Amino acid sequence: MKFQFQQTLKALILLAFAGLLFKLHYSGEIAKYINVKYSIWSQIASVMFVFLFFIQLERSWSHRQRAHDHAHAEADGVDDPHVCDHAGCDHDHGFSGWSLKTAAAYAVIAFPLITGFLLPPKILDASVAAKKGTLLAQPKTGNESAADHQKTTLPEPLSDRTDAMPPNGNTGSNRTELNVKEPNPDTLTDNAAGGEAADPSGTEAEERAGTWEDMYSEEIEKLTDLPSIDLNDQNFVSYTDTIHFFPEKFAGKRIKISGFVYKEPGMSEEQLVVARFIITHCVADAGVIGFLAKWNEAGRLQKDTWIEIQGTLGVTTYDDAEMPVIQVDGWKKIQAPKDPYVYPVY
Amino acid sequence: MIHWLRARVIDFTGLAILCAVFYFVFIADSFDFPAMERSWFIPPSFLSLNTIFLSIIIESVPFVLIGVLIAGMIQIFVTEDHIRRWMPRNRFWAILISCILGALFPACECGIVPIVRRLIAKGVPVYAGVGFLLTGPLINPVVIFSTYMAFGNNAKIAVWRMLLGFAVALVVAFAVSVLFKKNQLKHGQTIPTSSPAAVRPAFRTRWMAMLHHSIDEFFDMGKYLMLGAFFAAFVQTYVPSKSLLAIGGGVGSSTMVMMGLAYLLSLCSEADAFIGASFRNMFPTTAILGFLVFGPMLDLKNTLMMLGAFRTQFVAVLAVLIAVAVFAGVMAVHPWL
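To keep things clear, this report deals only with the structure shown in the data block.

About the criteria used
- Numbers given to residues run from 1 along each chain, matching the order in which its sequence is written.
- Each chain takes a letter, starting from A, and each ligand takes a number, starting from 1, following the order in which they are written.
- With the structure being a predicted model, the display of local features is reserved for residues of pLDDT at least 70 and the display and counting of side-chain atom pairs for 80 or more, all residues being used for whole-chain, interface and lining totals.
- The way it works is that DSSP assigns letters per residue, a run of H or I at least four long becomes a helix, a run of E at least two long becomes a strand, and they are numbered from the N terminus.
- To assign burial, the other C-beta atoms lying within 10 Å of each residue's own C-beta are counted, with C-beta atoms placed from the backbone; 20 or more indicates buried, 12 or fewer indicates exposed, and intermediate counts indicate partly exposed.
- C-beta atoms are first placed from the backbone for all residues, and any pair lying within 7 Å is then listed as a contact.
- Expected helix span is given by 1.5 Å per residue-to-residue step, counting one fewer step than there are residues.
- Throughout, the arc means the angular range of directions from the helix axis out to the C-beta atoms.
- Angular values range over 0 to 180 degrees, each being the angle between N-to-C directions of two axes fitted as lines to C-alpha atoms, with helices fitted over their stretch in contact.
- Roughly parallel covers angles under 35 degrees, roughly antiparallel covers those over 145, roughly perpendicular covers 65 to 115, and oblique covers all other angles.
- Here a crossing is called left-handed whenever its near helix is offset anticlockwise from the far helix by less than a right angle, and right-handed whenever the offset is clockwise.
- Put simply, a nonpolar core is buried Ala, Val, Leu, Ile, Met, Phe, Trp, Tyr and Cys residues tied into one set by C-beta atoms within 7 Å.
- Any two strands are treated as partners once DSSP identifies two or more bridges connecting them.
- Looking down the strands as they point away from you, a crossover is right-handed if its path from the first strand over the helix to the second goes clockwise.

1. Some points on the overall build of chain A
Consideration 1: Looking only at helices and strands, one finds ten helices and nine strands in chain A.
Consideration 2: For chain A, the proportion of its 346 residues judged to be buried stands at 44%.

2. Quick word on the overall build of chain B
Consideration 1: When helices and strands are counted, chain B shows 17 helices and zero strands.
Consideration 2: Within chain B, buried positions represent 57% of all 337 residues.
Consideration 3: Here the contacts in chain B between residues at least 6 apart in sequence split such that 87% fall between residues at least 24 apart.

3. Section: helix α6 (residues 91-104) of chain B
Residue and element names in this part refer to chain B.
Consideration 1: An ideal rise of 1.5 Å per residue puts 20 Å on 14 residues; α6 measures up with 20 Å between its terminal C-alpha atoms.
Consideration 2: Restricting attention to buried positions, one finds in α6 the residues Ala94, Ile95, Ser98, Cys99, Gly102 and Ala103. The arc enclosing the buried residues of α6, seen along the axis, measures out at 165 degrees, which places them on a common side. Facing away from the buried side of α6 by over 90 degrees, the exposed positions are Trp93 and Leu104.
Consideration 3: On its buried face, α6 sits against α8 (126-138) and α10 (155-179).

4. Quick word on the packing of α8 of chain B against helix α15 (residues 285-297) of chain B
Residue and element names in this part refer to chain B.
Consideration 1: It is at 8 Å that the axes of α8 and α15 come closest, and there the two elements cross at 120 degrees. Taken together, the axes of α8 and α15 are oblique relative to one another. In terms of crossing hand, the pair formed by α8 and α15 is right-handed. Between α8 and α15, the residues in contact are Leu134, Pro137 and Leu138 and Val293, Pro296 and Met297, respectively.

5. Here's the deal with helix α10 (residues 236-245) of chain A
Consideration 1: Among the ten residues that make up α10 of chain A, nine are buried, leaving the element largely enclosed by the rest of the structure.
Consideration 2: Every buried residue belonging to α10 of chain A is among Phe236, Val237, Tyr239, Thr240, Asp241, Thr242, Ile243, His244 and Phe245 of chain A, and all of these are buried.

6. A word on the nonpolar core
Consideration 1: Among the nonpolar cores identified, the biggest contains 181 residues, and Leu15 of chain A together with Val172, Met258 and Val293 of chain B are the most heavily contacted of them.
Consideration 2: In contact with valine 293 of chain B, not counting residues within four places along its chain, are Leu138, Arg161, Leu164, Gly165, Val168, Val326, Gly329 and Val330 of chain B.

7. A word on unusual backbone geometry
Consideration 1: Here the phi dihedral of aspartate 304 of chain A falls at roughly 75 degrees; this positive angle occurs in a residue that is not glycine.
Consideration 2: With 15 C-beta atoms packed within 10 Å, aspartate 304 of chain A lands in the partly exposed category.

8. Overview of the pairing of strand β6 (residues 287-294) of chain A
Residues and elements named next belong to chain A.
Consideration 1: Counting buried residues in β6 gives seven out of eight residues, a clear majority hidden from the surface.
Consideration 2: Relative to β6, strand β5 (residues 271-278) is paired through eight bridges, and the arrangement is antiparallel. In the strand pairing of β6, glutamine 271 is matched with lysine 294.
Consideration 3: The pairing of β6 with strand β8 (residues 321-333) spans three bridges and is parallel. Within the sheet, the bridge partner assigned to leucine 292 lies in β8 and is valine 325.

9. Examining the pairing of strand β4 (residues 254-262) of chain A
Residues and elements named next belong to chain A.
Consideration 1: Inspection of the sheet shows strand β3 (residues 228-230) paired to β4 by three bridges, in the parallel sense. Each bridged residue has a counterpart across the sheet, and for serine 228 the counterpart in β4 is arginine 254.
Consideration 2: Handedness of the crossover joining β3 and β4 through α10 is recorded here as right-handed.
Consideration 3: As defined by bridge partners, β4 adjoins strand β7 (residues 306-318) across seven bridges and the pair is classed as antiparallel. What sits directly across from arginine 254, in β7, is threonine 312.
Consideration 4: Direction of pairing for β4 relative to β5: antiparallel, over a ladder of three bridges. Paired with tyrosine 262 across the bridge in β5 is valine 273.

10. Remarks on the environment of glutamate 109 of chain B
All names here are of chain B.
Consideration 1: Note that glutamate 109 resides in the loop between α6 and α7 (112-121).
Consideration 2: Along the sequence, glutamate 109 and leucine 267 sit 158 residues apart, while their C-alpha atoms lie 9.5 Å from each other.
Consideration 3: Once residues lying within four places of it in the same chain are set aside, the contact partners of glutamate 109 are Pro137, Ser269, Pro296, Asp299 and Asn302.

What follows is the structure, given as structure tokens:
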């Protein structure tokens, strides 16, 4: 019997992966990494790791009885010469000796295990939001991009009705004259019904706005019928999405919302964003969604403070983009919810 | 006594490992000092990075495991003769069939790399492998459904995504067939003319060999997955996407920005539709389509995995081909969007 250290190490790593996944599920901390709706997959993975551990364990000691197999196999770095023909077998089977490269490979594989067991998960906060920047229905980014955005975000006056290109479309010389035209701010509200501000002008744009509107019509009707819009974890995503797409349809409506405070460099003292992170699968695909809020006490609030606000919806332009704003008339600090994230509704 | 110990030495090794893992799962945490104290010497931003890093791994590991198991099965149960018989002689047919197979085969962009590597090692032409590699993660029911949902129950974007993705895969696979002749695997093995396994081993032995292969494949591909996930998490934590978004102005540049974003974020193809949709009010639909088509085909995470499997030069050329094809593709369909 010969002890195979690398094979044993592999077995240990496999079981440790199963253990880490088990621990995260057992402690409920998995919700800080992924959308629990998909937790079944990592549970399956955990079971598969346990199974592979038992398979791998057999290789931790090599049998002398099969020495004639292995004399050949080890020489070639192939563990089972009968079935593993040399052609397709290009990976390291762990019977070869140690080198810096193999050690580094195991270190890389084991790295998430070490950090996973030893470091606590961190709830995403405003500093991550600042890096993620402009995700779903979130105010346009800082001022430096405002000039760039201006052309695309402001719909062109109906100067070229049949042209599907955005004002500064760069594909044809016949369109260059459009680039010089200054977008007329007056038309902003005309086309705003489309809500799809980033898109082109003219009839096609209107048609398209129509399609978006059709898609959302049911939701719009439901929301406009409500006496006041009360956002909770369940409806947060769909309501926010709808209101951001058609801000002017909800102007004057009462709204209540909670989230964490997020501010951008370009914002005024009175402005802040009441934000939530939306998780589709895992925190890596998290996006920031929320509402721009405005009132004179906003400047006093630190970022990452959880607040609940009440107010009236309005429409504003921020960085030349039209978006809903909440004129706040009541607010309070709240505890961060147990599950700080919101999830898309399918 | 010694004989008894020898017979059970594997059991004891297993027990020792079990104890070690048990310690970490159930006990180690209670010895831990409070999280607050830890953040003194570990900056909070690293904790964010680590959380994102682990979440990518937790999300992708089930699919990587499925991928390596399938790769193991291919290694043991599919012979070069099978491939020779199944693969159409005609290059165009081979490309078309491989793209269709990829479309029918549900996989994610990290799980498919070991499978394709194994197929190519078994004698599948590299262009057919590429077709399969590109359509596998992009065109499958989960992706279609999530795209449909993310864009407010509208099939238009989902349909465009699939059609354009398929077209790009065909074009790239064809270009690869013109540019590359050899199998482009990292270690550059050649395909033997006859299988050395003339005598078929017992069924159980073959299954065990398959599982052993899968494990080795996991360790082989796993390190690239970890590195890719770590880079992606690093970018997400420390690089503001604002700096990228600031470049976006016209259709062309905003499409490039969105494709760059898709590359760096390394989102799973099943989850990227919602993120793509969130840029609707900022970028033209064309740019968003670029994001949706490019991301599943090529991103930071799967580039690293491909570098582990294929020659560097091949991966670089493939990346350029995909980027150019996707960009040209979305620009071509722009008038209809």
